[in-house]
Amino acid sequence: MSENNHFPKDFIWGAATAAYQIEGAWNEDGKGESNWDRFSHTPGKILEGHTGDVACDHYHRYPEDIELMKHLGLAAYRFSTSWARILPEGRGKVNQKGLDFYSRLVDGLLEADIMPFATLYHWDLPQALEDEGGWTVRSTAEAFAEYAEAISKHLGDRIKSWATLNEPACSAWLGHLLGIDAPGIKDINKALLASHHLLLAHGLAVPLLRKNAPKAEVGIVLNTSWAEAASNSRADLDDARKGDGLWGRWFIDPVFGRGYPQDVVRDVIAQGAKPDFMDCVKPGDLATISAPLDFIGINYYTRNLHRAAEEGNEPQERFRAEKSPENFSELEWEKYADGLHFLLTRVAFEYQPRKIYVTENGASYSIGPDEDGRVHDKYRVSYYRDHVAAMQRTLAAGVPLAGYFAWSLLDNFEWRSGYTQRFGIVWVDFETQERTLKDSALYYRNVIKKNALVEEIEQ
Ligand code: GCO
């Protein structure tokens, strides 16, 4: 870190989105149905019956959104590509109109001097593959390789940063264990199969991305959590170990060549997994999964404070901030910027990645425009300020942190919460699709402009 709070001159400031959450055009130009189309069209799955059918209409309005990014001074834009737009049946015939959309988007970004950071998979699986078993069957990992080949052959000359998966832990556990995300399965054995096939898909895609985009960097985005025990009781400490294991180490360990953590194997068998569930790991799989990467993306929002639900465990709530909008977002996620510093430092020193990006960070507050059309989202400004400050400590500790992406550029479809939760630094009026910069966007623009921690928004 140089003095007076500046970031390294090549530090990348960006913003992130995801295909299903912003694109809309769910069945346009030859796109196939995805499992999130099916899930959101299933009554009772999404708050207020919201769907991603239109979302932010980014499929049509991307030129205006690129102008917004340019105005904010973003150096990079992290987006995901829709598998079902490229391979409507999940494999086989390529949909040229799908490729053409991402070509237009990427060319528009390059024209605006904004680096495209593509993520191949942000949870939206072609329904045709879901119908065959989705991530619970190994063939889906092979279909993912076909998808990676098709899109990187077409865009590998222009996209210089590729992430294979976004948060496989959410796809596996939210989608197949808790059943609150697509495809809505609640089965620990299917969830474990999905977790392995997702990682296998990642490993199969890496060499294809390297072949088709030889000058690009390749990585994966994980939501390795920052787990803390609510007290020093054995029960809480073990609960934190379990949470850190299932949501973090189960994914980052194999990616960094350590195989699946055995304490988690014991935990899941104790929770009902078949003792032979690891038979799905075939010879060579772990080597495939641990293909060397150029970066790891870390998504961070809050800490996971663990309190074991065990009789007689009377944990002392420690350091829990008092409930207030300053300290808790509308999703009731605690603002805990230290957790970002602790997590990045831990990942850097435990796994020695070549490079780390914070690929998502943000908070949900629904405050909208007031009478003068301004959005004074002061709590989100405070959230960003604290996390920018935390990254200064992280850089000072020698962590190879190379960039940061605010989640999200736009208010968008927040999965099971639909449009009731807003993470954007830009307000979206979903009736008119009008975009309005929030104070947090003005603040972020100031951070970018000065490449430093700042205290004020730029008017
Ligand atoms: C995630 C996803 C995003 C979410 C965001 C807020 O990290 O869960 O990548 O799609 O919208 O994190 O929940």
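Shown above is the structure to which this text applies.
Procedures and definitions
Residues numbered from 1 in each chain as written. Predicted model: local features only at pLDDT ≥ 70, side-chain atom pairs only at ≥ 80, totals over all residues. Heavy atoms only, no water. Helix = DSSP H or I, 4+ residues; strand = E, 2+ residues; numbered from the N terminus. Rg over C-alpha atoms; globule rule 2.2 N^0.38 Å. Buried < 20%, exposed > 50% of the residue type's maximum accessible area, 1.4 Å probe, protein only. Contact = heavy atoms within 4.5 Å. Areas by Shrake-Rupley, 256 points an atom, 1.4 Å probe, with all protein chains shown as cover. Lys, Arg positive; Asp, Glu negative; His and termini not counted. Charge placed at Lys NZ, Arg CZ, Asp CG, Glu CD. Axes fitted to C-alpha atoms, helices over the stretch in contact; angles between N-to-C directions. Parallel < 35°, antiparallel > 145°, perpendicular 65-115°, else oblique. Left-handed = near helix turned anticlockwise from the far one by under 90°. Nonpolar A, V, L, I, M, F, W, Y, C, P; charged D, E, K, R; others polar. Pairing = 2+ DSSP bridges.

### Brief notes about the overall build of the protein chain
Check the secondary structure of the protein chain and you find 15 helices and 12 strands. In terms of overall dimensions, the protein chain is globule-like: its C-alpha atoms have a radius of gyration of 21 Å, near the 23 Å expected for 459 residues. Expressed along its principal axes, the backbone C-alpha trace of the protein chain runs to roughly 60 × 55 × 45 Å. Looking at the protein chain as a whole, 63% of its 459 residues are labelled buried. Sequence separation of at least 24 residues holds for 76% of the intrachain contacts in the protein chain that already meet a minimum separation of 6. In the form shown here, the protein chain has an accessible surface area of approximately 17,200 Å², with 52% of it arising from carbon and sulfur atoms. Where the 50 positive side-chain charges of the protein chain centre and where its 68 negative ones centre are 4 Å apart.

### A short note on the packing of helix 13 (residues 337-351) against helix 14 (residues 378-396)
Where helix 13 contacts helix 14, the two axes come as close as 8 Å, and the packing angle between them is 30°. Taken together, the axis directions place helix 13 and helix 14 in an arrangement best described as roughly parallel. As helix 13 packs across helix 14, the resulting crossing turns out to be right-handed. Counted together, Ala-337, Asp-338, Leu-340, His-341, Leu-344 and Thr-345 of helix 13 and Asp-386, His-387, Ala-390, Met-391, Arg-393 and Thr-394 of helix 14 form the full contact between these two elements. Class assignment of the residues belonging to the contact of helix 13 with helix 14 gives a composition of 5 nonpolar, 4 polar and 3 charged.

### Things to note about the sheet that holds strand 4 (residues 161-166)
The parallel closed barrel is built from 8 strands, whose spatial order is 1-2-3-4-5-7-9-10. Shown here is a sheet whose adjacent strand axes are inclined to one another by a mean of 25°, direction ignored. In terms of strand pairing, strand 1 (residues 12-16) meets strand 10 (residues 401-407) through 5 bridges, oriented parallel. Bridged to Ala-16 within strand 10 is Trp-407.

### Observations concerning the environment of Glu-48
Within the fold, Glu-48 resides in the loop between helix 2 (35-40) and helix 3 (58-72). We classify Glu-48 as exposed; its relative accessible area is 63%. Taking the C-alpha atoms as reference, Glu-48 lies 8.3 Å from Ser-417; in sequence the two are 369 residues apart.

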